[in-house]
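Structure at a glance
This is what each chain is made of:
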Amino acid sequence: MFSRLTRPQAIAVCALPVVALLATAVFAPLPFSVAQPGLTANVLGDNKGTEVITISGAPVRHTEGQLRMTTIEATSPDTRVSFPDVIDSWFRTDQAVMPRDSVYPSGDNVKEIEQHNERQMKESQDAATQAALGYLGLDDKDVKVSLKLADVGGPSAGLLFSLGIIDKLDGDGTGGDLTGGRVIAGTGTIDAAGRVGAVGGVALKTQAAKRDGATVFLVPKAECGDARAELPKGLRLIPVTTLKSTVSSLVALETGKGSVPGC
């Protein structure tokens, strides 16, 4: 035998599944990662006591200024990101919510992701060396370059590696530094032909660059809009597409001769 529910009772009973569903949705893990500005490293210097770029087979210059590669730090693929985490990050300029697949396209296994990132870094370093030596007209059979950067994976330091090699071997081509003594940061992949490719998280990387003293940021031209989104005051953007045009922009910035593109 069933008793008849009053209208308020019926509404309350019907609302229970909805409340339970909303509670589940709020606290259930979501397919996102939360990212923030990461470390930067001067490729012209050392990182954790080890020179980032070492060269043999050719004279190496003493350099002034810095070329800082930039990174983002993201929650690990096995971290539970819930709805409150997403909402909190949405209203912060020093964090970004990104689809987990865009941060970890190689899968969810931490070990496999680390191995994938290490492979990408090695491929990036090889391409960066080829691009830099090709730009300088040097043979990699005669000049040996070693690139070491602990605890960093992926290909986005490629452009800065190439610029670091060029600065150590040739500077601006007339005896000066490619940096002009500045702290210059940036990001961008590079292939052996010297073409610069887009990366992710540039709005966070500009914040990392400013935090660590940079006044100029090199950004793949296609990502100018993203870089402007949360651009820190006092940080100048220079869009780049190729290694050759990047060097030309830095030389023009140093000498005051020629035009320096902007986003």
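For the structure, see preceding data.
Residues numbered from 1 in each chain as written. Predicted model: local features only at pLDDT ≥ 70, side-chain atom pairs only at ≥ 80, totals over all residues. Heavy atoms only, no water.

A word on the pattern of salt bridges. According to the stated counting rule, one finds five salt bridges in the structure shown. The residue D167 makes a salt bridge to R61 at a minimum N-O spacing of 3.5 Å. Remark: R61 occurs in the loop between strand 4 (53-56) and strand 5 (66-74) and D167 occurs in helix 5 (residues 158-169); sequence separation between them is 106 residues. With a closest N to O distance of 2.9 Å, D126 and K122 form a salt bridge. Placement of both D126 and K122 in helix 4 (residues 110-136) is noted, with a separation of four residues, approximately one turn of the helix. (Salt bridge = Lys/Arg side-chain N within 4 Å of Asp/Glu carboxyl O. Helix = DSSP H or I, 4+ residues; strand = E, 2+ residues; numbered from the N terminus.)

What sets the pattern is the α-helix's 3.6 residues per turn: residues three or four places apart point alike. Look at helix 8 (residues 243-255): 18 Å from first C-alpha to last across 13 residues, which is about the 18 Å you get at 1.5 Å a residue. Those residues of helix 8 that sit buried are L243, T246, V247, S249, L250, A252 and L253. One or two positions beyond helix 8, positive phi appears at G256, with a value near 75°. (Expected span 1.5 Å × (residues − 1). Buried < 20%, exposed > 50% of the residue type's maximum accessible area, 1.4 Å probe, protein only.)

The six strands lie next to each other as 6-1-5-8-11-12, forming an open sheet whose pairing is mixed. Lying at the two open borders of the sheet, with one neighbouring strand each, are strand 6 (96-99) and strand 12 (236-240). Within this sheet the neighbouring strands show an average axis-to-axis angle of 35°, counted without direction. Examined bridge by bridge, strand 1 (residues 32-42) and strand 5 share six bridges and lie antiparallel to one another. Pairing of N42 across the sheet is with R68, part of strand 5. Contacts between helix 6 (residues 202-211) and the sheet are confined to strand 1, strand 5, strand 6, strand 8 (183-186), strand 11 (216-220) and strand 12, with strand 1 contributing the most and set at about 35° to the helix. (Pairing = 2+ DSSP bridges. Axes fitted to C-alpha atoms, helices over the stretch in contact; angles between N-to-C directions. Contact = heavy atoms within 4.5 Å.)

Another point: the nonpolar core. Counting 39 residues, the largest nonpolar core has L159, F161 and L163 as the members making the most contacts within it. Elements supplying a minimum of two residues to this core: strand 4, strand 5, helix 4, helix 5, strand 11, strand 12 and helix 8. The greatest single-element share of this core, amounting to seven residues, is contributed by helix 5. In this structure, L163 is in contact with L67, L178, L218, L243, T246, V247 and L250, ignoring residues within four places of it in sequence. (Core = buried A, V, L, I, M, F, W, Y, C linked by side-chain atoms within 4.5 Å.)

Structurally, the position occupied by Q125 is in helix 4. Under the relative-accessibility criterion, Q125 is labelled buried at 11%. Within the structure, Q125 has its side chain in polar contact with the backbone oxygen of L147 (distance 3.4 Å). Beyond its immediate sequence surroundings of up to four residues, Q125 is in contact with L147, K148 and F161. (Polar contact = N/O pair within 3.5 Å; in protein donor to acceptor, adjacent residues only side chain to side chain.)

This paragraph deals with the packing of helix 4 against helix 8. Helix 8 packs onto helix 4 with a crossing angle of 65° between their chain directions and a minimal axis gap of 10 Å. Judged by the angle between their axes, helix 4 and helix 8 are roughly perpendicular. The handedness of the crossing between helix 4 and helix 8 is right-handed. Contact residues: A131, A132 and Y135 in helix 4; L243, K244 and V247 in helix 8. Within the contact of helix 4 with helix 8, the residues separate by chemical class into five nonpolar, no polar and one charged. (Parallel < 35°, antiparallel > 145°, perpendicular 65-115°, else oblique. Left-handed = near helix turned anticlockwise from the far one by under 90°. Nonpolar A, V, L, I, M, F, W, Y, C, P; charged D, E, K, R; others polar.)

This part covers the packing of helix 5 against helix 8. Any two packed helices are characterised by how steeply their axes cross, that is the angle between the axes, and by the distance between the axes. Contact geometry of helix 5 with helix 8 gives a least axis separation of 11 Å together with a crossing angle of 60°. What the angle tells us is that helix 5 and helix 8 run oblique. Between helix 5 and helix 8 the crossing geometry is right-handed. Facing L159, S162, L163 and I166 of helix 5, the residues of helix 8 in contact are L243, T246, V247 and L250. The class makeup of the residues in the contact of helix 5 with helix 8 is six nonpolar, two polar and no charged.

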